[in-house]
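# Architecture and fold: a report
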Amino acid sequence: MLKVGLTGGLATGKSFVGRALAERGCHLIQADEIGRRLMQPGGAAYDAVVKEFGREILAADGTIDRKRLASVVFRERSSLAVLNRLVHPPVIEEQDRMIAEIAARDPDAIVVVAAAVMIEAGTYKRMDRVIVVVCPLEKQLERAAARGLSREEALARIRLQMPLEEKRKYADYVIDTSGDEADTLRQVEQIYNRLRSQQ
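Quick look at the structure, then. (Residues numbered from 1 in each chain as written. Predicted model: local features only at pLDDT ≥ 70, side-chain atom pairs only at ≥ 80, totals over all residues. Heavy atoms only, no water.)

Once their charged atoms are close, side chains differing in charge can pair, the charge on each being opposite to the other. Across all of its chains, the model carries 12 salt bridges by this definition. The residue Arg24 makes a salt bridge to Glu189 at a minimum N-O spacing of 2.6 Å. Here Arg24, found in the loop between helix H1 (14-23) and strand S2 (27-30), pairs with Glu189, found in helix H10 (residues 181-197); they are 165 residues apart in sequence, far enough to count as distant. With relative accessibility at 32%, the residue Glu189 sits in the partly exposed group. Arg151 is the salt-bridge partner of Glu138, the closest N and O atoms lying 2.9 Å from each other. Taken together, the residues span a long stretch of sequence, with Glu138 in helix H7 (residues 137-146) and Arg151 in helix H8 (residues 151-160) at a distance of 13 residues. Look at Glu138 and you get partly exposed, because its relative accessible area is 47%. The class for Arg151 is partly exposed, based on a relative accessible area of 43%. Where salt bridges share partners, they join Arg37, Glu94, Arg97, Glu101 and Arg105 into one cluster. (Salt bridge = Lys/Arg side-chain N within 4 Å of Asp/Glu carboxyl O. Helix = DSSP H or I, 4+ residues; strand = E, 2+ residues; numbered from the N terminus. Buried < 20%, exposed > 50% of the residue type's maximum accessible area, 1.4 Å probe, protein only.)

To continue, consider the packing of aromatic side chains. Two aromatic rings, taken as a pair, are described by how far apart their centres are and by the angle between their planes. This structure, assessed with the given rule, holds 1 aromatic pair. Aromatic pair Tyr124 and Tyr170: ring centres 5.0 Å apart, planes at 75°, arrangement edge-to-face. Of this pair, Tyr124 sits in the loop between helix H6 (118-121) and strand S4 (129-134) while Tyr170 sits in the loop between helix H9 (164-168) and strand S5 (173-176), placing them 46 residues apart in sequence. Residue Tyr124 is classed as buried on the basis of its relative accessible area, which comes to 19%. (Phe/Tyr/Trp six-rings, centres within 6.5 Å; stacked < 30°, edge-to-face > 60°.)

Turning next to the sheet that holds strand S3 (residues 110-114). Here 5 strands make up an open sheet; going across it, the order is S2-S3-S1-S4-S5 and the pairing parallel. Each edge of the sheet is formed by a strand with only one pairing partner; in this case those strands are S2 and S5. Each strand axis lies, on average, 25° off the axis of its neighbour in the sheet, ignoring direction. Alignment of strand S1 (residues 2-8) against S4, held across 5 bridges, turns out to be parallel. In the sheet register, Leu6 faces S4, and the bridge partner there is Ile131. Sheet strands in contact with H1 are S1, S2, S3, S4 and S5, and its direction is about 155° off that of S1. Each of S2 and S3 is contacted by helix H2 (residues 31-38), which is oriented at about 45° to S2, the strand it contacts most. (Pairing = 2+ DSSP bridges. Axes fitted to C-alpha atoms, helices over the stretch in contact; angles between N-to-C directions. Contact = heavy atoms within 4.5 Å.)

Right under this line is the structure:
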């Protein structure tokens, strides 16, 4: 089994690349989705996050309002670090469980773990290969705007992440999504074939 980390910056196209790899037969694990699930009421990270950031991050139904939480944690690096410290351990535990389950079913699997802060958190060291997805800043801001983030909100989040040029240094493979979808898919196909040949 080959474990491949997939990371990049805000709105660089990680999800698109992850889906394209899954369509080619890779098993995709989305760390952000696991994190969202674990922050639901009753989830492994819910109580600790609410205790740390206060009940003002809660919606009327008791769920964590992700916009309210984001407005707190993306104001300063220390708050984001605290959130990551609370959420990462249970996320990694769940990832490991899912990877073990896939390995039991499919020993020749390529498992792609997509995570925004994989390099910052050091979890890239648990992977056999790392793919970093990049694009120019203006393209990131344009895509973030399409998701409903203002330019200021997007820039605040990007500034708290490791610069893409720095992330490139950790990459076995880089996918540049600044072209059209067909160009990105060509890069995905090439990397997928290389990963397959390494098994």
